[in-house]
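Chains, contacts and geometry: an overview
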Amino acid sequence: MEEMYEVLKFIEHGAHCRQSMDCVQGTILLDYMKENPTVEKTVLLRWFRQLCVCVDQFHRCRNRQNYRYLNPCSILVADTGKLLLLDMEAPDNETAMKQMQKRAVRSHFVKPVYDIGAGRNHDADLYAYGK
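1. Brief notes about the pairing of strand S4 (residues 83-86)
Here 2 bridges tie strand S1 (residues 3-13) to S4, and the two strands are oriented antiparallel to one another. Bridging across to S4, Leu 8 finds its partner in Leu 85. Alignment of strand S3 (residues 75-78) against S4, held across 3 bridges, turns out to be antiparallel. Within S4, the residue paired with Ile 75 across the bridge is Leu 85. Counting the residues in the hairpin turn of S3 and S4 gives 4 residues, including Gly 81, whose phi is positive at 95 degrees.

Encoded structure:
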């Protein structure tokens with residue numbers, strides 16, 4: 001079920017970070033987990049770290065803005081095994097966006113008391129990361 005997806009990539013310059021886009025072949029994390037229900041502990045821990053780094057890079061590139069879409073439908077497992085965040089503003093990722101709008105995804109990964117316009121803290125991303 002591998003397809004091409006537009007993803008966010010980040011370029012580190014010391015303490016600064018710049019965002020770029022790329023088109024990568026891979027599988028959405030939710031679909032990957034359906035096909036591979038068991039993942040080695042080392043792989044899982046590596047994924048957690050990669051995801052945390054990606055979200056931190058996003059926050060630094062976007063002036064501390066929340067990613068807001070952090071869930072298994074917005075994360076790509078690339079052919080290399082690396083996790084990448086989908087570019088949710090890209091029209092080619094519309095199928096992933098539709099999948100995220102399902103009630104089951106929203107109820108599990110969207111913080112119930114989160115007000116989209118509230119502050120610039122990272123409560124929503126931290127909540128979704130923990131879930």
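2. A word on the environment of Phe 58
Take Phe 58: it is sitting in helix H2 (residues 41-61). Take Phe 58: its relative accessible area is 3%, and that puts it in the buried class. Taking the C-alpha atoms as reference, Phe 58 lies 8.4 Å from Cys 17; in sequence the two are 41 residues apart. When residues no more than four places from it in sequence are discounted, the contact partners of Phe 58 are Leu 8, Phe 10, Gln 19, Gln 65, Asn 66, Tyr 67 and Leu 85.

3. Let's talk about the state of the cysteines
Within the structure shown, the criterion is met by 0 disulfides. Its sulfur unpaired, Cys 52 is 9.5 Å from the next cysteine sulfur, which belongs to Cys 54. By relative accessible area, which is 41% here, Cys 52 ends up partly exposed.

4. Concerning the confidence of the model for the chain
Mean pLDDT for the chain: 81, with 79% of residues reaching 70 or above. No element of the chain has a lower mean pLDDT than helix H5 (residues 123-130), which averages 58, and none a higher one than S3, which averages 94. Across residues 114-119, confidence stays below pLDDT 50; counting only partners more than four residues off in sequence or on other chains, it has 3 contacts.

About the criteria used
- Residues numbered from 1 in each chain as written.
- Predicted model: local features only at pLDDT ≥ 70, side-chain atom pairs only at ≥ 80, totals over all residues.
- Heavy atoms only, no water.
- Pairing = 2+ DSSP bridges.
- Helix = DSSP H or I, 4+ residues; strand = E, 2+ residues; numbered from the N terminus.
- Buried < 20%, exposed > 50% of the residue type's maximum accessible area, 1.4 Å probe, protein only.
- Contact = heavy atoms within 4.5 Å.
- Disulfide = S-S within 2.5 Å.
- pLDDT = per-residue confidence, 0-100.

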